[in-house]
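Notes for the structure review
Each chain, letter by letter, is given below.
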Amino acid sequence: MAIATATQAASEDKELLISGSEAVAEALVLVDLDVVTAYPIRPYDTVMQAIAKKIANGQLVAEYIVAEGEHSQFEIVKHASTVGARVFCGSSGVGWMYAMECLVVTPPLRVPMVALVGNRALDDPGAFGVEHNDALVVRDLGWMLCWIDTSQEALDTTLIAYRVAEDRRIFLPLAISADGAFLTHSQAITLVPPKEKVDRFLPRYDRGDLLLHPDNPITVAPQANEDWVIEIRRQNDEAMKRAVGVIEEAYADFRRIFGRGPENPWFEEYMAEDADVILIGMGTISLPLKVAIRELRAKGKKVGLIRLRWFRPFPFERLAQALGRAKAIGVIDRDYSFGSPFHSGVVANEIRAAMYNADKRPPLLSFICGLGGREVMLEDVYKAVDMCYAAATAGKSDSKTHWLGVRE
Amino acid sequence: MSALICEVVYRGIFQKNLAARITRGIVLSARKSGRWGIAFGRYGDSPQRNGIPAKDFAIVADTKEELEQNMARYEPKHVDVTVCVDDTLSKGVESWAWYGLQPINRLTEPNGTLLMTSLQSFDALLKDIHMKDAPYKLSLIRAKASFSGLWVYKEDHTEVRILGALAKIAPSFLTLDAVAEAIKEMEWGSELKVASARKTYERIETREVKITEGNAEVPYAFEMPKWWEMREGVTIPAIPIGKPKEGGQGYVPERNPYFKKFSTRTMRPVIDFDTCVKCNLCWIACPDSCFDVMPDGTFDANMDACCGCGVCEAVCPVENCITMVNESVFNDNASQWEMWRTDKTAYKTWLTATIGDKKTTARSHGFRFRGQYDEELKKDLETGGVEIAAGIPGENAARKV
C-alpha cells in the first residue's frame with residue numbers, strides 16, 4: 001500500500017513510499033491507460049495487483065482483463081493496441097516465455113505495447129530470483145529493451161516508454177525490465193508528478209493509417225512470402241534506428257517538463273569520468289557496485305561504473321567512446337549465454353562487438369554474478385576489480401569468463 | 001549441355017502427386033546413366049490451393065558440382081524443358097498476388113521445349129501461349145488434363161507418358177531404356193506403364209515455334225514496392241466497396257487489382273441470361289464474389305474474379321442456365337452479359353454451341369457424379385479421348401446422389 005509521507009516535496013510532485021512495481025502503476029494512472037491484461041507470476045504480479053487496486057479505488061478507468069495465460073495476455077493487448085487503445089502488459093521468467101509467439105509478432109505489426117518484465121530466473125529449477133535471460137530473449141526481435149534500478153526510475157521510464165513506443169516514427173513494443181525482489185518488492189521514496197505535466201509530455205496515442213477501424217478498412221498480418229518478408233524486416237530495422245533519436249528527444253523533453261532525469265538516456269556514469277577500471281552492469285546490481293566503488297576510491301583506486309539503461313537500441317557508439325577512456329573494462333552479467341564466444345554473458349559479448357571498430361580497446365574482462373537472485377557481495381566486486389587492474393597492467397585480458405560468488 | 005533442367009507446371013492439389021512422380025521419374029531415370037539430380041517443389045506453392053498453378057522441378061547434371069549451381073533456389077532461372085500437364089495453363093501462370101501473369105514458356109530456354117498434354121491443335125494452343133523472343137519447340141502428347149490427384153490417384157499413365165516423351169526430347173540424359181528401367185522400379189510402376197511410355201516416345205508430336213508465333217498480348221505485370229514505399233505494420237488496405245453498374249442500377253464490387261485469377265480457372269461459367277430467374281443463388285454462393293449485378297437484375301460472372309470452382313452451376317435451379325465450360329474454349333475474358341446485350345440471337349447461338357460440346361463441358365478436375373471416375377477409367381487411356389456425357393447438370397440429375 002502506498003503511504004503518503006507527511007512532508008510534501010517542495011515541487012508540485014507528490015512524495016510516496018512505493019515499490020518499483022507500484023511506481024509503474026502510478027505511471028499507468030498518469031498516462032490514462034486504456035487496456036491492461038494480467039496473469040499472475042512472481043515478481044511481475046505485484047504490478048498487476050497495484051493496477052487492480054488503482055482501478056478498484058477509482059483512480060484509473062481502464063479495461064482490466066485477467067487472461068487464462070500469458071499467451072492470451074499478450075495477444076489481447078496486441079489487438080487492443082491495433083484498434084487504438086493505450087495498453088500495458090507484463091510478465092516474468094517462464095511466463096514471458098509462454099507468451100513468446102505473441103512477443104514475436106508484436107514488433108512487425110508495429111504495436112507500441114509497453115510491458116514490464118519483472119526479471120526472474122527461468123525454470124528449471126523453479127526460482128523467484130533475478131536473472132536477465134527472460135527479457136533478453138526478445139533482444140533480436142524488434143522490442144526496445146531497457147533496465148531500471150530505482151522506483152523513481154521505474155515511474156519516469158514508464159512515462160518515457162509510452163512517449164517513445166507510441167511515436168509514429170517508431171511504433172515498436174517496449175519492455176521495461178525490473179529486477180525481481182530488489183526493485184519489484186522494495187519500497188522507496190518516489191516523486192509522483194501531477195497529471196498536467198504528464199499531459200504536456202505525452203501526446204495521445206494516434207495510430208493513424210494503421211488504425212484497425214471500420215472507417216479505415218485494412219487487413220493486418222496477411223500471409224507474405226519471400227518476396228515481401230525482407231522488406232518488412234527492413235522497415236523494423238529502420239524503426240529501431242529511428243528510436244535512437246526519438247529516445248534522446250523524449251529524455252530532453254522529460255527534463256524540460258519534469259525538471260529531473262538524466263542528460264544521457266543510455267547509461268548512467270558513476271565516477272567513470274577519470275576511472276582506470278570501469279565496471280558495467282544493468283539494473284540493481286549498480287547498488288552494491290556503487291558501494292564497492294566508494295570503498296575502493298577511499299583506498300585510492302580509481303574505479304567507476306557504467307550502468308546500462310538501454311539495451312535495445314544498444315548505444316554502441318557512445319559506449320565505445322566512454323569505455324575507450326579506461327585502462328580495463330569489467331562487464332558483470334546477471335545472465336548467461338552458454339556456448340557463446342568466451343562463454344560470456346550477453347552484455348559482455350555485446351560490448352565486445354561494440355568495441356570491435358573502436359580506436360581504443362582496453363582489455364575487457366567478463367564476469368557472471370548474482371544469478372538466480374543471489375546477492376552480489378562486496379568481496380565479489382573487489383575480486384573482479386583486482387583482476388581488471390591486473391589486466392590493465394598486462395595490457396590484455398585473459399579472455400576468460402569468471403563466475404563470481406559461486407561455491408567452489 | 002551437361003545439365004538438364006525441367007519444370008512441371010501443374011494444378012495445385014489436383015495434380016500434386018502427378019507432378020512429383022514426373023520430377024522424381026526424371027531424376028531416377030537419369031541416375032541410370034550415373035547422373036546426379038534433385039527434384040523439388042516451388043516452396044511458395046505450398047501449402048497448395050485447389051487449382052492454383054504450381055511448379056515442381058527436376059534438375060540432373062553430370063557432376064555434383066554442376067548440380068550445386070542450381071540448388072538452394074526456389075525455382076531455376078531457365079529451364080530446358082517446360083512440362084505442362086493442363087493445357088488451360090497455356091494462358092499463363094499466376095500463383096500469388098503481385099506475381100503478374102507469367103507466360104507458360106517464360107523460363108523455357110531458346111530452342112528448349114514446351115511439352116504439353118492437350119487435345120487441342122498446335123494452332124489453337126498458340127492462340128493462348130504468349131509470344132517468345134526466341135524460337136522453341138512445342139511438343140504435344142494427346143491427352144486431356146490428367147486428374148492424377150492428391151486424394152485419389154487416378155492411374156491414367158500420364159506420368160509415364162511424360163517420361164517417355166522426355167526420352168525423345170532429351171535422349172542424352174534420359175534414354176528410353178533408362179526410363180523404362182526406372183518406371184519398373186517405382187512402387188507405382190508396371191509393364192503396362194512401360195509400354196505406355198514407349199508408345200508415347202513414338203507418338204509425341206513436335207513443331208518449331210517461331211518468334212512471330214503466339215499470343216501477342218503483353219502479360220500484365222506489377223512492380224513490387226520498395227520497403228520504404230510499403231505500408232508499415234504488415235497492413236494492406238481493404239478492397240474498397242463497389243459501384244452501381246450504370247445509371248445507378250446494378251452493382252460491381254471492387255476487386256483485388258493485383259491478383260486476376262485468370263490462370264486459376266480450368267473452367268468458367270457460361271450463363272443464359274434469357275432463362276435466368278434472378279434468384280441470387282449464384283451471387284450468394286460464389287466464394288470469390290465474382291458475380292456483378294447487372295442493371296436488369298441478372299448476374300454476370302466477372303472473369304477478373306472467377307476461379308472456376310463451379311459452385312454457381314451447382315446451385316443454379318434452372319436447367320442449362322449456368323454451365324461450366326473448359327477454359328481452353330475462350331480466348332478472352334470479356335463480359336458475357338455485354339455480348340448478350342449487343343446481340344441476343346447471336347449470343348443464344350454461341351451459348352447453345354458452347355454448352356452443347358460434351359468435350360469442353362467435361363470436368364477437367366473433379367467429378368460431377370459418383371462413379372464418374374470408374375467410368376472414365378474404362379475409356380481408352382492411350383488416345384486420351386475420354387469423352388463422357390457429364391456436361392449438363394440437367395442430364396446428370398438422376399445420377400446425383
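Bear in mind that the values here come from a model prediction, so they are computed numbers and not experimental data.

**Focus on the nonpolar core**
- Formed by 124 residues in total, the largest nonpolar core has its most connected members in A:L28, A:L159, A:V164, A:L174, A:I278 and A:I280.
- The dominant element in this core, judged by the number of residues it contributes, is helix α7 (residues 151-165) of chain A, at 8 residues.
- Mapped onto the domain boundaries, this core takes at least three residues apiece from domain 1 (3-258) and domain 2 (267-403) of chain A.
- Core analysis: the next-biggest nonpolar cluster, separate from the first, contains 60 residues, B:V8, B:A19, B:A182 and B:I183 among them.

**What to know about the interface of chain B and chain A**
- Between chain B and chain A, the residue contacts involve 13 residues of the former and 18 residues of the latter.
- Taken together, the residues that form the side of chain B that touches chain A break down as 9 nonpolar, 3 polar and 1 charged.
- As paired elements, strand β10 (residues 218-220) of chain A and strand β8 (residues 235-237) of chain B share 3 bridges and run antiparallel to each other. Each residue of the ladder has a partner; that of A:T219, found in β8(B), is B:I236.

**A closer look at the domain arrangement of chain A**
Residues and elements named next belong to chain A.
- For chain A, the assigned domains are domain 1 (3-258) and domain 2 (267-403).
- Distance from the C-alpha centre of domain 1 to the C-alpha centre of domain 2: 28 Å.
- With 26 residues of domain 1 at the contact, the number on the domain 2 side is 19 residues.
- Those elements that provide at least two residues to the side of domain 1 that touches domain 2 are α6 (133-136), β7 (144-148), β8 (174-179) and α9 (229-258).
- Classifying every residue of the side of domain 1 that touches domain 2 by side-chain character gives 17 nonpolar, 5 polar and 4 charged.

**Here we look at the sheet that holds strand β15 (residues 328-333) of chain A**
Residues and elements named next belong to chain A.
- A sheet is described by the order of its strands in space; here 6 strands give the open sequence β11-β13-β12-β15-β16-β17, paired in mixed fashion. Unpaired on one side and paired on the other, β11 (267-270) and β17 (401-403) mark the two borders of the sheet. The average angle at which neighbouring strand axes cross in this sheet is 20°, direction not considered.
- One ladder, built from 4 bridges, connects strand β12 (residues 277-282) with β15; its direction is parallel. Considered in β15, the bridge of I280 is made with V331.
- Sheet contacts for helix α13 (residues 378-394): β12, β13 (303-308), β15, β16 (364-368) and β17; angle to β15, the most-contacted strand, approximately 145°.

**A short note on the sheet that holds strand β3 (residues 35-38) of chain A**
Residues and elements named next belong to chain A.
- Spatially, β4-β3-β5-β6-β8-β7-β14 is the arrangement adopted by the 7 strands of the open sheet, whose pairing is mixed. Of all strands in the sheet, those with a lone pairing partner are β4 (63-66) and β14 (310-312), marking the two edges. For this sheet the average axis-to-axis angle between neighbouring strands, irrespective of direction, equals 20°.
- In this sheet, strand β6 (residues 114-119) lies alongside strand β5 (residues 87-91) in parallel orientation, the contact comprising 4 bridges.

**Digging into helix α10 (residues 286-298) of chain A**
- Its 13 residues give α10(A) an end-to-end C-alpha distance of 18 Å, which sits within 8% of 18 Å, the value for a rise of 1.5 Å per residue.
- If you follow the buried residues of α10(A), they end up packed against β11, β12, β13 and α13 of chain A.

Criteria and thresholds
- Residues numbered from 1 in each chain as written.
- Chains lettered and ligands numbered in written order.
- Predicted model: local features only at pLDDT ≥ 70, side-chain atom pairs only at ≥ 80, totals over all residues.
- Core = buried A, V, L, I, M, F, W, Y, C linked by C-beta atoms within 7 Å.
- Buried ≥ 20, exposed ≤ 12 C-beta atoms within 10 Å, placed from the backbone.
- Helix = DSSP H or I, 4+ residues; strand = E, 2+ residues; numbered from the N terminus.
- Domains from an automatic or database assignment.
- Contact = placed C-beta atoms within 7 Å.
- Nonpolar A, V, L, I, M, F, W, Y, C, P; charged D, E, K, R; others polar.
- Pairing = 2+ DSSP bridges.
- Axes fitted to C-alpha atoms, helices over the stretch in contact; angles between N-to-C directions.
- Expected span 1.5 Å × (residues − 1).

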